[in-house]
Amino acid sequence: MPRYVPLFWRLFIPNAIVLGVACVVLILEPANGRVPALVGGLIVLVLVDLVLMRRAFGPLERLTELMRRVDPLRPGARIPPPGPASEVSVLAAAFNDMLDRLEDERRDSARRMLDEREDERRRIADELHDQIGQHLTAIALQAARSADTADEDAARQLRTIHDGLLVGIEDVRRLARELRPEGLDALGLVPALVNMLERLSQTTGVRVVRDLQRDLPPLTTNAQIVIYRVAQESCTNAIRHGAPQTVWVTLAADGAQVSLTVADDGRGFPASGAEGSGGIRTMRERAVLLGADLTIGARPGGSGTRVDLRFDPVRA
Ligand SMILES: Nc1ncnc2c1ncn2[C@@H]1O[C@H](COP(=O)(O)OP(=O)(O)OP(=O)(O)O)[C@@H](O)[C@H]1O
Ligand SMILES: [Mg+2]
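Numbering of residues starts from 1 in every chain and runs along the sequence as written. As a convention, the first chain written is A and the first ligand written is 1, with the rest following in written order. Predicted model: local features are reported for residues with pLDDT of at least 70 only, side-chain atom pairs are reported and counted for 80 or more only, and whole-chain, interface and lining totals are derived from all residues. With hydrogens and water excluded, all non-hydrogen atoms of the structure serve as input to the side-chain values.

Rolled over the atoms, a probe as big as a water molecule pinpoints where empty space is left. The calculated volume of the largest pocket comes to roughly 640 Å³. Along the wall of the largest pocket there are 24 residues; nearest its centre are Glu178, Leu200, Gln232, Glu233 and Thr236. Among the elements of the structure, helix H4 (152–179), helix H6 (189–204), helix H7 (221–242) and helix H8 (279–290) are those that each provide at least two residues to the lining of the largest pocket. Helix and strand assignments follow DSSP, with helices taken as H or I runs no shorter than four residues and strands as E runs no shorter than two, numbered in order from the N terminus. Per-element accounting of the lining of the largest pocket gives the leading share, nine residues, to H7. All residues other than Ala, Val, Leu, Ile, Met, Phe, Trp, Tyr, Cys, Pro, Asp, Glu, Lys and Arg, Gly among them, are scored as polar; the first ten of these are nonpolar and the last four charged. Its residues placed into classes, the lining of the largest pocket shows eight nonpolar, seven polar and nine charged. Note on definitions: the grid is 1 Å and covers protein atoms alone; a cavity is a set of points where a 1.4 Å probe fits but cannot get out; a pocket is an open set with protein on both sides within 12 Å along at least five of seven lines; lining residues have an atom within 4 Å of a point. Grid points are joined across faces, edges and corners, and a volume is the space filled by probe spheres set on the points.

Looking at where Gln232 falls in the secondary structure, it is placed in helix H7. Two residues qualify as a contact provided that any one of their heavy atoms is within 4.5 Å of a heavy atom in the partner residue. If sequence neighbours within four positions are ignored, Gln232 has contacts with Glu178 and Met196.

Per the UniProt record, "transmembrane region" (unreviewed entry) is annotated on residues 7–28 and 34–52. Annotated as residues 7–28, this span is 100% helix and 0% strand, and its ends, taken at the C-alpha atoms, are 32 Å apart. Overall, residues 34–52 shows 95% helix and 0% strand. The separation of its end C-alpha atoms is 27 Å. UniProt positions are given in the numbering used here, feature names are shortened, and annotations may be inferred rather than shown by experiment.

Each domain's limits were defined by an automated method or a database of domain assignments. Looking at the protein, the domain boundaries give domain 1 (7–105) and domain 2 (181–316). Using C-alpha coordinates to define each centre, domain 1 is positioned 47 Å away from domain 2. Contact with domain 1, which involves four residues of that partner, is made by five residues of domain 2. Between domain 1 and domain 2 the total buried area reaches about 420 Å² when both faces are included, carbon and sulfur atoms providing 64% of it. Area buried by domain 1 at its contact with domain 2 is led by Leu73, Arg74 and Pro75, which between them contribute 94% of it. The salt bridge criterion pairs a side-chain nitrogen of Lys or Arg with a carboxyl oxygen of Asp or Glu, the two atoms within 4 Å. Counting across the interface, domain 1 meets domain 2 through zero salt bridges. Here a polar contact means two N or O atoms within 3.5 Å. Within protein one must be a hydrogen donor candidate and the other an acceptor candidate, and residues neighboring in sequence count only if both atoms are side-chain atoms. Across the contact surface, domain 1 and domain 2 share zero residue pairs in polar contact (both at pLDDT 80 or more). Residue classes in the side of domain 1 that touches domain 2 are distributed as three nonpolar, no polar and one charged. Put simply, buried area is how much 1.4 Å-probe accessible surface two parts lose in total, over both of them, once they are put together.

Okay, the coordination of the magnesium ion (ligand 2) next. Any N, O or S atom lying within 2.8 Å of the metal counts as a donor, with the limit raised to 3.2 Å for Na, K and Ca; because water is left out of the atom set, some sites can appear incomplete. Protein coordination at the magnesium ion (ligand 2) comes from Glu233 (OE) and Asn237 (OD1), with a distance range of 2.0 to 2.1 Å. Of this pair, Glu233 and Asn237 both sit in helix H7, four residues apart, roughly one helical turn. What makes Asn237 buried here is its relative accessible area of 16%. Each residue is assigned to one of three classes by its accessible area relative to the maximum for its type, calculated with a 1.4 Å probe on protein chains only: buried under 20%, partly exposed between the two thresholds, exposed over 50%.

Close to ligand 1 lie 15 residues, the nearest being Glu233, Asn237, Arg240, His241 and Ile280. Asn237 is positioned with one of its side-chain polar atoms (N or O) 2.8 Å from an oxygen atom of ligand 1. At 3.1 Å, a side-chain N or O of Asp264 approaches a nitrogen atom of ligand 1. Within the complex, the protein chains bury 74% of what would otherwise be the 610 Å² of accessible surface of ligand 1. Contributing elements (two or more residues each) for the shell around ligand 1: H7 and H8. Counting residues per element, the shell around ligand 1 draws most heavily on H7, at six residues. The residue inventory of the shell around ligand 1, partitioned by class, reads five nonpolar, seven polar and three charged. Throughout, near means a residue has at least one heavy atom within 4 Å of the molecule or strand. Shrake-Rupley sampling with a 1.4 Å probe provides the accessible areas, and residues are treated as covered by the protein chains on show and by no other component.

Let us look at helix H3 (residues 87–149). In a helix, the anticipated span is given by 1.5 Å times the number of residues less one. Here H3 is 63 residues long and its end C-alpha atoms lie 90 Å apart, about the 93 Å a rise of 1.5 Å per residue gives. Throughout, bend refers to the angle between the axes fitted to the seven residues that end at a position and the seven residues that start at it. Taking the largest bend as the criterion, H3 deviates by roughly 30°, centred on Gly133. For H3, the capping residue at the N-terminal end is Ser86, with a side-chain oxygen 3.1 Å from the backbone nitrogen of Val88.

Here the focus is the pairing of strand E2 (residues 246–254). A regular strand places its side chains so that they alternate between the two faces of the sheet. Bridge count between strand E1 (residues 207–212) and E2: six bridges; the pairing is parallel. Bridging across to E2, Val208 finds its partner in Val247. By the criterion used throughout, a crossover qualifies as right-handed when its path from the first strand across the helix to the second strand runs clockwise, the strands pointing away from the viewer. On the question of chirality, the crossover connecting E1 to the parallel E2 by way of H7 is left-handed. Two strands pair if DSSP finds at least two bridges between them. Note that E2 and strand E3 (residues 257–264) share eight bridges and pair antiparallel. Of the residues in E3, the one forming a bridge with Ala252 is Ser259. What sits between E2 and E3 in their antiparallel hairpin is a turn of two residues, with Gly255 showing a positive phi close to 60°.

Time to look at the environment of Asp293. Its place among the elements puts Asp293 in strand E4 (residues 293–298). As for Asp293 and Gly83, which are separated by 210 residues in sequence, their C-alpha atoms are 29 Å apart. With residues near it in sequence (within four places) discarded, Asp293 still touches Asp308, Leu309 and Arg310.

Here's what the structure looks like:
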């Protein structure tokens, strides 16, 4: 049995009282064709009914508003208990329980998706590096050797082929490097980040200032991959869309939290927001996996954009 007056009775009883009062008034003071009295009485009845209905349905409308605002890519938000016990508070509690279950399920599927995606990337990177890269290298060597024995015209063509192949090999290597978090397994997170940021700075000419704390609390492989990928995507976004002079990357642990910040002094994040289906959405999905907060917005105290990833490594 519910420990509150059910909504049905909370609506029925006041309505019955209002109608009863109207009936009693009409018995004691019959309208006898007095139209203004009848209309006045009706208006009072409707107003009283309106106030009573508002009180009964108000919490339900507020609850619907809160439910609409729940964003699955920003987990953790829960509906506060809406006043005293009623159908609405039961509904809010059931909704919060459902959010718990959905977020657990989403974290699981995000973890599976991340594992599969990283495995796939690693496989393609290995294939590119070990198969295609080696194959192209062998052909390039063969072209160089043939050039030594060929006549002048053919030798020139063979050297052009050789040079073209070297460019192709470098492209394949770069692609393979970008596909897997290079050095993450062998070197650890911070050296892998340093490598990635240095390469990014060299290839784009943008100054990358890093402040990466080395003595971080122990991080799971997934947490390291998420930090690496979020740093990579945020820096690439900053350079691609913001045209900045400097990008600042900070990795630190304060208290129970690990935080990654990527800030740039570029043209800034679009005010209308831009979180379609690209890198930012993937970053949010990765953040869900760690139960992390991910905020993207204007850089405080200057032009440009700032991306903040914060999470508790114990719970990640
Ligand atoms: N640092 C930034 N400065 C300015 N604009 C940004 C920045 N980061 C993101 N944006 C804006 O947000 C949009 C969405 O970024 P997102 O990473 O989701 O997609 P994308 O970079 O366009 O494509 P993808 O990441 O799939 O290659 C960008 O198109 C850009 O307009
Ligand atoms: Mg992007």
